[in-house]
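# Observations on the model geometry
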Amino acid sequence: MVHEMVAMLLAGGEAQADLGILSDGNIISTTSFGGKYRIIDFALSNCNNSGIESVKLLKNYVGTAAAVCNELNYLEEKNPEYVLIVDGAHIYKMNYRLMLKEHIKKGADVTVAGLPLCAREAKRFGIMHTDDNGMIYRFDNKANEHKMALASMGVYIFSWKVLREILVDLKGYPGLEFGRHVLPYCLWRGKRIASYKYNGYWRDINNLKDYWDANMDLVNEVSNLNLYEEFRKVYSNDRRRMPQYISGKGVTKRAVIGSSCEIYGEVTGSVIGSDVVIEEGAVVKDSIIMDGTYIGKNTIINKGIVADGCTIGSECFIGDGDDIGSNAQGGYHSGLVAVGAGSVIPSYVTIGRDTVIIGRTSREDYSNGKLPSGRYMVKDR
Amino acid sequence: MNAVGIIMPHMMRQLAGIHDNDDRNIVSVASLEIASMFRCVDIVLDNMVNSGIENILCIPNSRDDMAYVGNLEWCRPVISNDVDNYLNACNEEYVIVSYAGSICRIDYEEVLSKHILKNADVTYLTNDSNEYMGCFVTSKETCMKLFKNINDNVQNRSINLLPDTFEIFNKMMYNIIGSKNGLCYMIGEYGRMISDMTSYYKVNMEFLNSEVRHVFFRKKPEIHTVFKDNPPAKYNELAKVCNSIISNGCVINGAVDNSVIFDEVYIGHNSKIKNSVILDDVYIGDNAYIENCIVGSHSTIRANTTYIGRTDNIGMILGTT
């Protein structure tokens, strides 16, 4: 069987400390998203919708290009025409086939997908400088801050012969990255690198704030990320189909709510996973609640991210006060409260902002029933 | 278990009156969904499989649900009209016959034990209001006699096409085994028989009761059903949902009160749905009002339209209005 294009999906990207508490093993791509999905479902669905039959998951994080180097035997065996490199930590819907068409049309050795952003934003991802024909002549993070720039989305199509030649040259270089090492080397070797402009929705999930922002995008009435169309459908592996129940006293506005939830309280501006129970009088506002979490009566959660399987008592106030920045490791400055998977929070406690709670906490762990803003608490699960 | 299961074909009319003979008006109960969670036939098959029944015969009807039953991953019933041959080939001594509209969770093993213990000729399943649940247990011989009688009587008319199969079969059953030693087995928990659109509406609405949801949604083992990969439900700024079931893939812009909304339903701005059951893949435009109705699958309700049924005569809306 001849494979025109095989996909190498980088699924091992490690989360920054704050986002890491939401997933097993700190892996971004397997973190729950949007009340049903895992972040990696987007890249996988894109591959499927682009008609790519071979997708290789690269789990070890040793550098993006280093991970592909480790799979050279796989690629030799498949011997495709083209190799698509995608990252499992990005949220977007893209047809890679259109990008391949451009790649072929331009006679490129490499094509890099680029998103037009203001230069200040684009710097974070690397800026592609292109000529009138859309061919890239330089990569860096310098540009006039007030102008638009083309940010690299971390989506690459290589002609396999070129990728092979380059990776054989660079093999063994520790922490080899496409953006930092491989593409500049390609330029130096005189390879033809084309840009492919993508104008849709794209988010890179790297920290807790990115994650919260991307979830909140789903809650807006007109979301740039439409999950409700058959066209370029996003698939998932969540096999639950049970409907949800909203009680006579329940309120659900600007909310995305997963299967088999029971909502007796108020949910606004929030994304709720499957099997979540929100009791009467509880208020969940601008928050993300993941699968199987229970929220007791009259508890208020404001800008909270509560991971899977947590139990939160009644009469709590979570997300109290103003943002103050944090003294926690890694720094939590987003005003969010993060609660790790399987955590327990007792009834009648107040928890400030920029806080992190992991594990089974009890009443004695909170002095005066409070966890002040900027603090964290880690207990056994 | 020492019994085979037989699932009867079961058709019913959606609209009464002038549409009686329109083929599109007749639906198979087996393929109707309950609370957007499972098809009626799922629950009957699930009961049979969980009770340890190894051989299940599904008598086909004219609708597409035979393809559904034939392609299930979790059980492989035989689909055939030839009850005689099927029963002859089986070693089991008893037969459990059920209609797809028999909505309950039951361990047939218990029913059979009681049937044998009481030395009954036939055991009828009833609910706690003493209504017949469209399911009975009898010996293989009696069952074969019954089906022979059916075949002799309906002759050229194909039983599986008739909308009134349930009533016709019950009459024959009464003629053949009505005089025998009959026993009733009352189901301890929820039990309803779906025989027309009114009872179908009622069963769906009863899922607004948490005890009923508990029996079918939470009680282990989980009911086998077919996976649908729909996104989570989305509620926009002006959504106002009260005492209702909402399913995956829905987008709600209006008000939903005391209703059951199936998969992939869009409800427009300023629309209101009250005391209604909206089946899957329905589009409801802006400013619509629907009360005491069932809206059929894949229907489109135009903007600014009003449909009001009565509590004693539920409205049925099909197709594009």
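Residues numbered from 1 in each chain as written. Chains lettered and ligands numbered in written order. Predicted model: local features only at pLDDT ≥ 70, side-chain atom pairs only at ≥ 80, totals over all residues. Heavy atoms only, no water.

## What to know about the domain arrangement of chain A
Often, the extent of an interface is quoted as the loss of accessible area on bringing the components together. Residues and elements named next belong to chain A. Parsing chain A into structural domains produces domain 1 (5–217) and domain 2 (245–378). Placing the centre of domain 1 and that of domain 2 at their C-alpha centroids yields a distance of 34 Å. Facing 13 residues of domain 1, the contacting portion of domain 2 comprises 24 residues. There are one residue pair in polar contact (both at pLDDT 80 or more) connecting domain 1 and domain 2. Those elements that place two or more of their residues in the side of domain 1 that touches domain 2 are α1 (17–20) and α9 (208–219). The element best represented in the side of domain 1 that touches domain 2 is α9, accounting for six residues. In terms of residue class, the side of domain 1 that touches domain 2 is built from seven nonpolar, four polar and two charged. (Domains from an automatic or database assignment. Contact = heavy atoms within 4.5 Å. Polar contact = N/O pair within 3.5 Å; in protein donor to acceptor, adjacent residues only side chain to side chain. Helix = DSSP H or I, 4+ residues; strand = E, 2+ residues; numbered from the N terminus. Nonpolar A, V, L, I, M, F, W, Y, C, P; charged D, E, K, R; others polar.)

## Some remarks on the domain arrangement of chain B
Residue and element names in this part refer to chain B. Domains assigned within chain B are domain 1 (3–218) and domain 2 (234–317). A straight line from the C-alpha centre of domain 1 to that of domain 2 covers 30 Å. Buried area between domain 1 and domain 2, summed over both chains or domains, comes out near 1300 Å², and the portion from carbon and sulfur atoms is 74%. If you sort the residues of domain 1 by the area they bury against domain 2, S36, Y201 and L208 come out on top, with a joint share of 45%. In this assembly, domain 1 and domain 2 are joined by zero salt bridges. (Buried area = accessible area lost by both parts, 1.4 Å probe. Salt bridge = Lys/Arg side-chain N within 4 Å of Asp/Glu carboxyl O.)

## Some thoughts on the interface of chain A and chain B
Across the contact, 39 residues belong to chain A and 37 residues belong to chain B. Across the chain A to chain B interface the summed buried area is about 3200 Å²; carbon plus sulfur atoms make up 45%. At the boundary of chain A and chain B, one finds seven salt bridges. K36(A) is paired through a salt bridge with D229(B); the nearest N and O atoms lie 3.3 Å apart. For the pair chain A and chain B, the interface holds 25 residue pairs in polar contact (both at pLDDT 80 or more). Contributing elements (two or more residues each) for the side of chain A that touches chain B: α9, β13 (244–246) and β14 (251–257) of chain A. No other element matches β14(A), which puts six residues into the side of chain A that touches chain B. Residue composition of the side of chain A that touches chain B, grouped by class: 14 nonpolar, 13 polar and 12 charged. Where β14(A) and strand β14 (residues 233–235) of chain B come together, three bridges link them in antiparallel fashion. Bridging across to β14(B), A255(A) finds its partner in Y235(B). (Pairing = 2+ DSSP bridges.)

## A few points about the nonpolar core
All names here are of chain B. Counting 65 residues, the largest nonpolar core has I34, Y200, F207 and F216 as the members making the most contacts within it. Here this core takes six residues from helix α1 (residues 40–50), the largest share from any one element. Both domains that meet at this core, namely domain 1 (3–218) and domain 2 (234–317), each give it at least three residues. The contacts of I34, once residues within four sequence positions are left out, are C40, I103, I194, Y200, V203, N204, F207 and F262. (Core = buried A, V, L, I, M, F, W, Y, C linked by side-chain atoms within 4.5 Å. Buried < 20%, exposed > 50% of the residue type's maximum accessible area, 1.4 Å probe, protein only.)

## A few points about the side chain of E279(A)
Residues and elements named next belong to chain A. Checked against the element boundaries, E279 lands in the loop between β17 (277–278) and β18 (283–285). One buried charge, E279, has no salt-bridge partner; the nearest side chain with opposite charge is K297, at 5.7 Å. Sequence-distant contacts of E279, defined by excluding residues within four places in its chain, comprise Y264, G265, Y294, I295, G296 and K297. (Lys, Arg positive; Asp, Glu negative; His and termini not counted.)

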